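Next come the chains, spelled out residue by residue.
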Amino acid sequence: MRAFVVGILAVFVTASADAAPPQSGIVVPGRTFGGLTLGASRAQVRAAWGSRHGVCRDCLEQTWYFNLRPFEPQGAGVAFRRGRVVALFTVWSPPGWRTNRGLRIGDTAARIAGLYGPLLRTDCGTYAVLTLRSGRTTTSFYVVDEQVWGFGLSRLAEPVCR
């Protein structure tokens, strides 16, 4: 029995050691974000993206930030409610992120409509969010100066301005 437990722990430690903050990711609107789904647990987020993250001190809900480089804003964020993921989002336009239909950070905002049709636009001050709703899920396309700046996936009730 002890050998079995040690073996399981070795697999878990190896899997956790291999996990890293997402250098890039694929967003499947309404479904997945960088390999994670809404409703994932904190343990599932750590297993997928690792334990190197910062915690937001001023956020209403527990929010983790996975920066590409320490103390630099580019990366991805995860917001939790009652220990489960309610929102996933890119931060500060990290390179390499795209949707499963090929929309990439840096593309023109017009390309969003070409791929996903006309979407609701919300003004968030210095940026806008185009939203695609599917069931109880919102996929967000963040736009700055009419270029794709980032992506988000959240529960329908979550704010799109982050």
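Conventions and cut-offs
Residues numbered from 1 in each chain as written. Predicted model: local features only at pLDDT ≥ 70, side-chain atom pairs only at ≥ 80, totals over all residues. Heavy atoms only, no water. Phe/Tyr/Trp six-rings, centres within 6.5 Å; stacked < 30°, edge-to-face > 60°. Helix = DSSP H or I, 4+ residues; strand = E, 2+ residues; numbered from the N terminus. Buried < 20%, exposed > 50% of the residue type's maximum accessible area, 1.4 Å probe, protein only. Lys NZ or Arg CZ within 6 Å of the ring centre and 35° of its normal.

Visitor: With reference to specific residues and values, describe the packing of aromatic side chains.
Guide: Counted by the stated rule, this structure contains ten aromatic pairs. Centre to centre, the rings of Trp49 and Phe66 are 5.3 Å apart; their planes meet at 85°, and the pair counts as edge-to-face. Separated by 17 residues along the polypeptide, Trp49 in helix H2 (residues 42–49) and Phe66 in strand S5 (residues 62–67) bring together distant segments of the chain. By relative accessible area, Trp49 is classed as buried at 2%. A ring pair is formed by Phe141 and Phe151, whose centres lie 6.1 Å apart and whose planes are at 80°; its orientation type is edge-to-face. With a gap of ten residues between them, Phe141 in strand S11 (residues 137–144) and Phe151 in strand S12 (residues 147–155) connect regions that are remote in the sequence. Of the two residues, Phe141 and Phe151, both sit in the buried class. Its end group placed over the ring of Phe80, Arg42 keeps NZ or CZ at 5.6 Å from the ring centre.

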